[in-house]
Amino acid sequence: MLLGIACYFDYRKAKIPNWLTGTGLLLAVAVTIGKVGINSSVYMALLLLLVRTGIITVVLYPFFKIGVLGAGDVKLCAVCAAFLESGDCVPVFVRSLLVAATIGLCKLLLMGNLKERIGYLFSYAADVVLLGICKPYWTKENMHLKKDASLRMAGPLLIGVLWYMCRMGLFL
């Protein structure tokens, strides 16, 4: 439900509101407490929730910093991790990234600029790896492409979660 609402905002408004991710995080904490109960193990469960959300945030923050992901996407991924068990995070996010990559590839093919964008990506990666230059991905020269080239992550995240749930037999 939360991911569905996030999809609405992401695709209609191009922004995932803070109140939504904040509410999602509070719900994840409440669900965790509800599953474990108020006892000594609740602290460990909440610590694991904090670790999962922290790891996702730390891993995705550099992509936000260079302009590849929006802050709402990073926060939504962290909230999603808060709801998942530790062992489920990687399979869900790998599936979500596969969906996003497929959508992105299709979008580039439809726009007819796949070769140009792949060339820019390799040039960008070479600057980072060889020269140690980490600059924003979107520059003044290519900013006009950003709106059409942007990929919303709420949809791929929703599909990744549903795909994982179906695969694990949790969606009957």
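What you see is a predicted model; the values in this text were computed from it and never measured. (Residues numbered from 1 in each chain as written. Predicted model: local features only at pLDDT ≥ 70, side-chain atom pairs only at ≥ 80, totals over all residues. Heavy atoms only, no water.)

(A) Just the packing of helix H1 (residues 2–13) against helix H2 (residues 18–36), in detail. Two elements in contact, H1 and H2, have axes separated by 11 Å at closest approach and are oriented at 170 degrees. When the axes of H1 and H2 are compared, the pair comes out roughly antiparallel. Residues Leu2, Ile5, Ala6 and Phe9 of H1 form the contact with H2, whose participating residues are Trp19, Leu20 and Gly24. Looking at the contact of H1 with H2 residue by residue, the classes come out as six nonpolar, one polar and no charged. (Axes fitted to C-alpha atoms, helices over the stretch in contact; angles between N-to-C directions. Helix = DSSP H or I, 4+ residues; strand = E, 2+ residues; numbered from the N terminus. Parallel < 35°, antiparallel > 145°, perpendicular 65-115°, else oblique. Contact = heavy atoms within 4.5 Å. Nonpolar A, V, L, I, M, F, W, Y, C, P; charged D, E, K, R; others polar.)

(B) Just the environment of Pro156, in detail. For Pro156, the position within the fold is in helix H8 (residues 154–167). For the pair Pro156 and Arg95, spaced 61 residues apart in the sequence, the C-alpha separation amounts to 8.2 Å. Beyond its immediate chain neighbours, meaning those up to four positions away, Pro156 contacts Tyr11, Ser96, Val99, Ala100 and Ile103.

(C) A look at the environment of Asp73. On the secondary structure map, Asp73 appears in helix H4 (residues 71–83). A sequence separation of 89 residues divides Asp73 from Leu162, and the C-alpha atoms of the two residues are 18 Å apart. Excluding residues within four positions of it along the chain, Asp73 makes contact with Asp10, Ile16, Met153 and Ala154.

(D) Quick peek at H1. For H1, spanning twelve residues, the distance from its first C-alpha to its last is 16 Å, which sits close to the expected 16 Å at 1.5 Å a residue. For H1, the elements touching its buried residues are H2, H4 and H8. Downstream of H1 by one or two residues, Ala14 has phi in the positive range, about 60 degrees. (Expected span 1.5 Å × (residues − 1).)

(E) Just the side chain of Arg95, in detail. Its place among the elements puts Arg95 in helix H5 (residues 86–111). No salt bridge is formed by the buried Arg95, whose closest oppositely charged neighbour, Asp88, lies at an N-O distance of 8.5 Å. Apart from the residues lying within four places of it in its own chain, the contact partners of Arg95 are Gly160, Trp163, Tyr164 and Arg167. (Buried < 20%, exposed > 50% of the residue type's maximum accessible area, 1.4 Å probe, protein only. Lys, Arg positive; Asp, Glu negative; His and termini not counted. Salt bridge = Lys/Arg side-chain N within 4 Å of Asp/Glu carboxyl O.)

(F) Focus on the layout of surface pockets. The space that makes up the largest pocket amounts to roughly 1500 Å³. Around the largest pocket sit 46 residues that line it, and Phe63, Val68, Leu69, Leu151 and Met153 are the ones nearest its centre. Breaking the lining of the largest pocket down by element, the ones donating at least two residues are helix H3 (41–65), H4, H5, helix H6 (114–131) and helix H7 (146–149). Broken down by element, the residue count for the lining of the largest pocket peaks at 14 residues, all from H5. Of the residues contributing to the lining of the largest pocket, the split by class is 29 nonpolar, eight polar and nine charged. Of the volumes computed, that of the second largest pocket is approximately 440 Å³. As for the second largest pocket, its lining consists of 17 residues, of which Leu3, Phe83, Leu84, Val161 and Met165 are closest to the centre. Those elements giving two or more residues to the lining of the second largest pocket turn out to be H1, H4, H5 and H8. (1 Å grid on protein atoms, 1.4 Å probe; cavity = no way out; pocket = protein on both sides within 12 Å on 5 of 7 lines; lining within 4 Å. Points joined across faces, edges and corners; volume = space filled by probe spheres on them.)

(G) Looking closely at the packing of aromatic side chains. Inspection of the entire model under this criterion finds three aromatic pairs. Where Tyr8 meets Phe9, the ring centres are 5.3 Å apart and the plane angle is 80 degrees; that geometry is what we call edge-to-face. The class for Phe9 is buried, based on a relative accessible area of 18%. A ring pair is formed by Phe9 and Trp19, whose centres lie 5.7 Å apart and whose planes are at 90 degrees; its orientation type is edge-to-face. (Phe/Tyr/Trp six-rings, centres within 6.5 Å; stacked < 30°, edge-to-face > 60°.)

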